[in-house]
Amino acid sequence: MAHDAPQAAGPGKLVIRNIGLLLSGALEKPILDADTITAENGRITAIGRAKDVNTEGATTLVDANGTTVAPGLIDSHVHPVAGDWTPRQNQINWIDSYLHGGVTTMISAGEVHMPGRPRDVVGLKAMAIFAQRAFWTLRPGGVKVHAGAPVIECEMVEDDFKELAAAGVKLLGEVGLGGVKDGPTARKMVSWARKYGIQSTIHTGGPSIPGSGLIDKDVVLEADTDVVGHINGGHTALPDDQIRCICEGCKRGLELVHNGNERSALFTLRTAREMGDLSRIILGTDAPAGSGVQPLGILRMVSMLSSLGEVPAEIAFCFATGNTARMRALDCGIIEVGRAADFVIMDRAQHSPGKNILESVQLGDLPGVGMTIIDGIVRTQRSRNTPPATKVPEIVGR
């Protein structure tokens, strides 16, 4: 089982040089004119051209060899349980495998696969606090797992949300996976959560696991959660007219997941683009689930939305980075000074017909991951899961 990655001892300075393409993660300027990044003590300190950046004193020097540097990918919808093990598939090291797919941050939509998951209020609060504490302490492979997302039940009162927030819980599990399935009750509890700084997500579409049920547009719009979870279904999507109604009827996040209806994902993307609301699109996998574990799920969503949704690849990468970071109030996901030094270094896959990484992704190919970095620390080098990259970065000084 993957364990907590060792932290760098003492002050550290990371320098990444010879960057061929720098993706910012920000829709307003997805490509940056820079070939060098520096980070100190896990935070980005400079972005620019080598001649203008102080690279002296590097404790880790990475030569990107002309490859692409992007913010580490964010999976907005996962279901962790305990460490790097999932009982849903009885698989270990699934989080570490996602790291090899470029994912450096995960957001829990509820620890719903916990064997014997308690439904009573005391038990569900205890489990949420445990999960929040456990994943705060343990980072498999270095991946940041934001966990502790209770599935709300009808017996909860406002003080329960106040208590959860005071204990450090900042997320709700998918509304609809527990006993709360009606709009008025969901809206009341979501309001309580928001009052105490807890972000909310709702299950959208048909039932996915025993105990869940159909959540249609009326419930979604009345609940008014911060994120419309898997609007393309997890797995069964709502009809197109209901998806359009949700897109037009609220201004909340529109989450597209790998374990959903791909046609509905493309419909949602087109609708958001028509509305000028691409900033609302965020990506998740909704794994581990009945479909399994998808280490490359986020990269596949980027490629699918770019190639079939006719979105420039640099924009599609924003759906998996900056859009999610802003919506989830994270300090990663965008390459700018002061943010966390979380990066994925990639290049076009060998023998892809695309002339460069952006063209290859827009043609539907996955990039090859050559390195992941979290908090300025190199966590992986050549990925064991992606196709081999044409060029790879290397550590040239340490």
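This report concerns the structure included in the present document. Quick caveat, the model's predicted, so the values are computed rather than measured.

Let's shift gears to the pattern of salt bridges. Taken as a whole and judged by the stated rule, the model has 26 salt bridges. Notably, a salt bridge pairs Lys144 with Asp342, separated by 2.8 Å at the nearest N-O pair. Residue Lys144 is found in strand 12 (residues 144–146), and its partner Asp342 is found in the loop between helix 10 (322–328) and strand 17 (343–347); the two are separated by 198 residues along the sequence. In this structure Lys144 comes out as buried when scored by relative accessible area, which is 12%. Counted as one network, the salt bridges with shared partners bring together Arg139, Lys144, Asp342 and Asp375.

Ranked by internal contacts, the top residues of the largest apolar core, which has 78 residues, are Met106, Ile281, Leu283, Leu305 and Phe319. It is helix 8 (residues 297–307) that contributes the most residues to this core, six residues altogether. Excluding its chain neighbours within four sequence positions, the residues that come into contact with Ile281 are Leu254, Leu256, Thr268, Leu269, Ala272, Phe319 and Asn323.

A few words now on the packing of aromatic side chains. Per the counting criterion, the structure on display carries two aromatic pairs. Aromatic pair Trp94 and Tyr98: ring centres 5.4 Å apart, planes at 90°, arrangement edge-to-face. Remark: Tyr98 and Trp94 occur in helix 1 (residues 94–99); sequence separation between them is four residues, near one turn of the helix. What makes Trp94 buried here is its relative accessible area of 0%.

Position of Arg187 among the secondary structure elements: in helix 4 (residues 183–195). Put simply, Arg187 and Val219 are 32 residues apart on the chain and 8.8 Å apart in space, counted from C-alpha to C-alpha.

Next up on the list: the layout of surface pockets. Counted as a void, the largest pocket has a volume near 680 Å³. If you go around the largest pocket, you meet 26 residues; those closest to its centre are Trp136, Val145, His146, Lys170 and Leu330. Taken together, the residues of the lining of the largest pocket sort by class into twelve nonpolar, seven polar and seven charged.

Quick notes on the rules
- Residues numbered from 1 in each chain as written.
- Predicted model: local features only at pLDDT ≥ 70, side-chain atom pairs only at ≥ 80, totals over all residues.
- Heavy atoms only, no water.
- Salt bridge = Lys/Arg side-chain N within 4 Å of Asp/Glu carboxyl O.
- Helix = DSSP H or I, 4+ residues; strand = E, 2+ residues; numbered from the N terminus.
- Buried < 20%, exposed > 50% of the residue type's maximum accessible area, 1.4 Å probe, protein only.
- Core = buried A, V, L, I, M, F, W, Y, C linked by side-chain atoms within 4.5 Å.
- Contact = heavy atoms within 4.5 Å.
- Phe/Tyr/Trp six-rings, centres within 6.5 Å; stacked < 30°, edge-to-face > 60°.
- 1 Å grid on protein atoms, 1.4 Å probe; cavity = no way out; pocket = protein on both sides within 12 Å on 5 of 7 lines; lining within 4 Å.
- Points joined across faces, edges and corners; volume = space filled by probe spheres on them.
- Nonpolar A, V, L, I, M, F, W, Y, C, P; charged D, E, K, R; others polar.

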